[in-house]
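The lines below spell out each chain.
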Amino acid sequence: MLINLSDIIKDNDGKLELSESFEMPTTDFLGEEFTFSEPCLLEGVILNNTKSLELKGKVTGKMGVHCARCGKPLTVDLEDPVEEILVREDAVFPEDEDVIVYSGSEVELMEAIVNGFLLNVSGKFLCSEDCKGLCSICGANLNEGDCGCNREYIDPRLEKLAEIMKNMSDTE
Ligand SMILES: [Zn+2]
Ligand SMILES: [Zn+2]
């Protein structure tokens, strides 16, 4: 997502309002595939503080994920704060400072937005707080009714282990 900065670069103390819709790329992370069937929205403002440009805003959208217990596809809200410092490539700036460097009068924000998303997102979503998950014996979705398997004899510690094994195979 390229943002044209030409108006704000020249204008010390200037302010550029942003409302940009953009395509967020499908992102694999923590064993989940995050998909975005609709464009996301970046809303915010870029302020010129004479030394650098400060971007403050948020990214909102809808993302497709899966229930961590039963695997059902879910659509959940995405809302990530975005705070970045933009500096021109020829500006003198401490090297360890975490900034976005731009050249000319345009800045590319996609990488920073995806990185911010990865910092904020968790890999665990549930279709409902009391999702019953899948039968540990036959794999049936227990939210749709009982499959009739006798799971009662399972030692709770073994069940915990089965859950861990399942999470491990889920994240492969
Ligand atoms: Zn579920
Ligand atoms: Zn079953």
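Residues numbered from 1 in each chain as written. Chains lettered and ligands numbered in written order. Predicted model: local features only at pLDDT ≥ 70, side-chain atom pairs only at ≥ 80, totals over all residues. Heavy atoms only, no water.

Draft legend 1. View of the side chain of serine 52. On the secondary structure map, serine 52 appears in the loop between β5 (40–48) and β6 (53–66). Judged by relative accessible area, which is 7%, serine 52 ranks as buried. When neighbours within four sequence positions are excluded, serine 52 is seen to be in contact with Leu47, Ile85, Leu86, Val87 and Phe93. (Helix = DSSP H or I, 4+ residues; strand = E, 2+ residues; numbered from the N terminus. Buried < 20%, exposed > 50% of the residue type's maximum accessible area, 1.4 Å probe, protein only. Contact = heavy atoms within 4.5 Å.)

Draft legend 2. A look at the side chain of glutamate 84. Its place among the elements puts glutamate 84 in strand β7 (residues 73–88). Summary of buried charges: glutamate 84 has no salt-bridge partner, and the nearest side chain of opposite charge, lysine 56, is 12 Å away. Setting aside residues no more than four positions away along its own chain, glutamate 84 makes contact with Leu53, Glu54, Leu55, Ile100 and Ala112. (Lys, Arg positive; Asp, Glu negative; His and termini not counted. Salt bridge = Lys/Arg side-chain N within 4 Å of Asp/Glu carboxyl O.)

Draft legend 3. Looking closely at the coordination of the zinc ion (ligand 2). The protein atoms that coordinate the zinc ion (ligand 2) are Cys135 (SG), Cys138 (SG), Cys147 (SG) and Cys149 (SG), at distances spanning 2.2 to 2.3 Å. For the zinc ion (ligand 2), the 4 donor atoms in the first shell make angles of 108 to 111° at the metal, a pattern classed as tetrahedral. Relative accessible area serves as the criterion here: at 23%, cysteine 149 is assigned to the partly exposed category. (Donors = N, O, S within 2.8 Å, 3.2 Å for Na, K, Ca; no water. Tetrahedral: all angles 85-135°; square planar, octahedral: opposite > 155°, others 65-115°.)

Draft legend 4. Region of the structure containing the domain arrangement of the chain. For the chain, the domain assignment lists domain 1 (2–120) and domain 2 (132–172). Summarising the inter-unit geometry, the C-alpha centres of domain 1 and domain 2 are found 39 Å apart. Every contact between the two is made by 5 residues of domain 1 and, on the other side, 7 residues of domain 2. Of the roughly 390 Å² buried where domain 1 meets domain 2, counting both sides, 49% is carbon and sulfur surface. Together, Gly31, Arg69 and Cys70 form the three largest contributors to the area buried by domain 1 at its contact with domain 2, with a combined 82%. Linking domain 1 with domain 2 are 0 salt bridges, by the criterion used here. (Domains from an automatic or database assignment. Buried area = accessible area lost by both parts, 1.4 Å probe.)

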